[in-house]
Amino acid sequence: MTARATAVEPAISEPSAAPAAVQEIVVLDYGGQYSQLIARRVRDCGVFSELLPHHVPLEEVAARRPSGIILSGGPASVYAEGAPPLDRGLLELGVPVMGICYGMQLLVHTLGGRVEQAEVGEFGRSDLLVSEPGVLLAGMPREQTCWMSHRDTVYEPPPGFTALASSSSSPVAAVEDAAQGIYGIQFHPEVVHTPYGQEILTRFLTEVCGCEPNWSAASIVEEQVRRIREQVGDGKVICGLSGGVDSSVAALLVHRAVGEQLTCVFVDHGLMRKDEGEQVVSTFRDTFRVPLVAVDAETRFLDKLRGVSEPEAKRKAIGAEFIRVFEEEAAKLALDAGEGEDSARFLVQGTLYSDVIESGGGTGAATIKSHHNVGGLPDDLKFELVEPLRALFKDEVRAVGAELGLPERLVWRQPFPGPGLAIRVVGGEATKERLDVLREADHILQEEIRGAGLYRELWQSFCVLPDVRTVGVQGDERTYGYVVVVRAVTSDDAMTADWARLPYDLLETIASRMINELREVNRVVLDITSKPPGTIEWE
Ligand code: XMP
């Protein structure tokens with residue numbers, strides 16, 4: 001039997017993986033630049049929070065039984081035609097509502113206050129004067145700075161509301177009607193440039209919404225273990241392990257939940273960094289005792305890469321082979337288990353909350369990871385998905401990994417592309433010889449970057465091996481060797497990136513080690529291109 005033949009259709013786990021017993025704050029996204037950050041900051045306060053598009057039906061918000069609702073900022077003008085409206089039903093759910101920036105203007109406008117365009121906008125740092133602290137700003141300094149980003153301004157609060165604060169350009173910069181449980185702030189408490197922002201959020205969560213700050217890595221583990229058990233029952237589960245933090249943490253959570261019902265499949269395509277394959281195997285099989293099938297498929301992958309130099313063709317070749325190997329292993333496992341048709345019914349995916357948001361905000365869009373098709377499996381695989389990280393941001397996944405005892409090296413591993421080193425041998429064929437040179441150069445780079453304590457600060461650091469040779473001179477002899485490119489970038493999300501300003505001394509050590517220790521290399525260069533206009537990878 002192959003994996004494709006199993007009976008169950010792919011199912012998407014509930015949009016929200018909100019722990020059932022855990023209090024939740026719903027953030028409605030009106031398109032603001034910082035909307036995701038609001039949910040993150042709420043979570044930083046120890047309260048679970050999810051971002052939903054502003055247009056989700058009221059019933060969906062109500063079904064989550066939130067402890068409070070936050071309306072985000074957004075680019076529209078509340079009085080403009082087609083501006084995202086406020087569903088008044090939100091104010092009748094009996095839970096506190098707080099609007100931020102556009103969210104505040106929307107509340108004020110809807111409830112009869114005055115919002116108009118100001119002559120000048122207010123962008124950046126601003127001085128806030130608290131005239132009446134009310135419930136929301138109680139205990140905070142009368143004068144503080146805050147971060148503003150708006151052109152429309154509130155001139156009058158709605159009837160029954162108290163104006164709490166003003167700034168030089170905003171006559172009304174915060175309002176509340178504590179009896180109704182409605183609050184608004186013009187500035188952005190979620191950004192670091194509002195020094196009391198986190199405190200204001202905390203007050204809203206604890207004093208106003210009555211939340212207990214008890215959402216933590218430990219509570220996530222407990223809750224996800226319970227959910228996985230509930231979903232999987234005594235079914236068999238399979239997980240494609242890549243060595244990245246997402247699949248590693250997902251696998252460990254599932255293993256904690258259902259033990260030997262889980263089998264991990266690690267396809268070593270021979271395109272990993274030095275020792276990486278062994279580390280994955282020893283961590284999972286020896287330390288955590290997770291049933292693991294490690295497939296040494298280097299020769300198969302190298303065969304498929306023979307004669308291929310075009311980047312997308314490489315990706316396609318690797319992606320297709322990956323799927324073939326995974327399917328073969330899944331099929332073997334089903335036979336081994338000897339349980340016929342519905343063995344290995346579930347497939348673990350390390351889908352993150354950011355993937356969910358990108359694919360439609362958690363309102364049911366399919367989220368099988370397909371990034372560049374490697375490690376992403378085809379969606380006609382007939383497994384039911386188990387996605388224990390679906391509600392988590394990357395830093396939370398790391399915290400859960402640490403909680404589960406995953407070694408630091410894996411917890412903090414920089415992102416590594418599915419097609420591995422093959423797309424870092426650029427402009428030519430990824431042969432075993434070139435991959436080995438690149439692997440050794442990369443190993444030196446990693447050692448030096450880690451030794452300098454910079455590994456975690458960098459989004460990615462790696463080497464690229466162009467298919468060119470240059471002339472050099474070493475020990476009175478002419479050499480004709482490879483050029484190694486050092487690429488190190490800082491980034492928050494890989495959408496944009498800046499080249500990292502590595503110390504010159506460190507660069508010198510890296511270059512001389514590479515040239516001295518690697519016979520094939522006689523030149524090292526540094527890539528100083530940001531993204532945009534460059535991409536992080538060269539291919
Ligand atoms: P670029 O090069 O587009 O990369 O700036 C953005 C991020 O994506 C990673 N990347 C890949 N990851 N398969 C992957 O799994 C791929 O084919 C692939 N190509 C790029 C890259 O390392 C960076 O983190």
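Everything below is about the structure shown above.
Residues numbered from 1 in each chain as written. Predicted model: local features only at pLDDT ≥ 70, side-chain atom pairs only at ≥ 80, totals over all residues. Heavy atoms only, no water.

Chemist: Tell me what's going on with the overall build of the protein chain, and back it up with residues and numbers.
Modeler: A count of helical and extended segments in the protein chain gives 14 helices and 20 strands. Looking at the 539 residues of the protein chain, the share that counts as buried comes to 55%. Taking contacts inside the protein chain between residues at least 6 apart in sequence as the whole, the part at least 24 apart equals 76%. Entry remark: accessible area of the protein chain is about 22,900 Å², with carbon and sulfur atoms responsible for 49%. (Helix = DSSP H or I, 4+ residues; strand = E, 2+ residues; numbered from the N terminus. Buried < 20%, exposed > 50% of the residue type's maximum accessible area, 1.4 Å probe, protein only. Contact = heavy atoms within 4.5 Å. Areas by Shrake-Rupley, 256 points an atom, 1.4 Å probe, with all protein chains shown as cover.)

Chemist: Mind laying out the site of the ligand, listing which residues take part and the relevant values?
Modeler: With respect to spatial proximity, 13 residues lie near the ligand, and among them R315, Q460, K531, I536 and E537 are the closest. G418 places a main-chain nitrogen or oxygen 2.9 Å from an oxygen atom of the ligand. Here the ligand loses 86% of its free accessible area of 500 Å² to cover by the protein chains. For the shell around the ligand, the residue count by class is five nonpolar, five polar and three charged. (Near = heavy atom within 4 Å. Polar contact = N/O pair within 3.5 Å; in protein donor to acceptor, adjacent residues only side chain to side chain. Nonpolar A, V, L, I, M, F, W, Y, C, P; charged D, E, K, R; others polar.)

Chemist: Account for the sheet that holds strand β11 (residues 262-268), with residues named and values stated.
Modeler: Within the open sheet, the five strands sit side by side as β12-β11-β10-β13-β14. Their pairing is parallel. Only two strands of the sheet have a single neighbouring strand rather than two, namely β12 (292-296) and β14 (384-386). Sheet twist, expressed as the mean angle between neighbouring strand axes with direction ignored, is 25°. In the packing of helix α5 (residues 217-232) onto the sheet, the strands contacted are β10 (237-240), β13 (346-348) and β14, and the crossing angle to β14 comes to about 165°. (Pairing = 2+ DSSP bridges. Axes fitted to C-alpha atoms, helices over the stretch in contact; angles between N-to-C directions.)

Chemist: Which residues make up helix α4 (residues 197-208), and what are the values?
Modeler: Between its first and last C-alpha atoms α4 spans 15 Å; for twelve residues at 1.5 Å apiece the expected length is 16 Å, and the two agree. Listed as buried for α4 are G197, I200, L201, R203, F204, L205 and V208. Those residues of α4 hidden inside the fold are in contact with β1 (24-29), α1 (35-44), β3 (68-71), β4 (97-100), β6 (143-156) and β9 (182-185). Note on α4: the residue one or two positions beyond its end, G210, has a positive phi of about 70°. (Expected span 1.5 Å × (residues − 1).)

Chemist: Give a detailed account of the nonpolar core, specifying residues and quantitative values.
Modeler: Of all hydrophobic cores here, the largest spans 47 residues; its most connected members are I238, I449, L502 and M514. Elements supplying a minimum of two residues to this core: β11, α8 (298-305), α9 (311-337), α13 (432-451), β16 (460-466), β18 (477-490) and α14 (504-517). Those residues in contact with I449 that sit more than four places away from it in its chain are L454, Y455, L458, S461, L502 and L506. Counting residues in each nonpolar core, the second largest holds 43 residues, with V280, V290, V348 and V397 among its members. (Core = buried A, V, L, I, M, F, W, Y, C linked by side-chain atoms within 4.5 Å.)

Chemist: Describe the packing of aromatic side chains, naming the residues involved and giving the relevant values.
Modeler: This model, assessed by the stated rule, comprises six aromatic pairs. Centroid distance Y183 to F204: 6.0 Å. Interplanar angle 70°. Geometry classified as edge-to-face. A residue pair is termed long-range when its members are at least 10 positions apart, and Y183 in strand β9 and F204 in helix α4 qualify at 21 residues. Of the residues examined, Y183 reaches a relative accessible area of 3% and is grouped as buried. Taking relative accessible area as the criterion, F204 reaches 0% and is therefore assigned buried. Between F322 and F326 the ring centres are 6.4 Å apart and the planes differ by 15°, which places this aromatic pair in the stacked class. (Phe/Tyr/Trp six-rings, centres within 6.5 Å; stacked < 30°, edge-to-face > 60°.)

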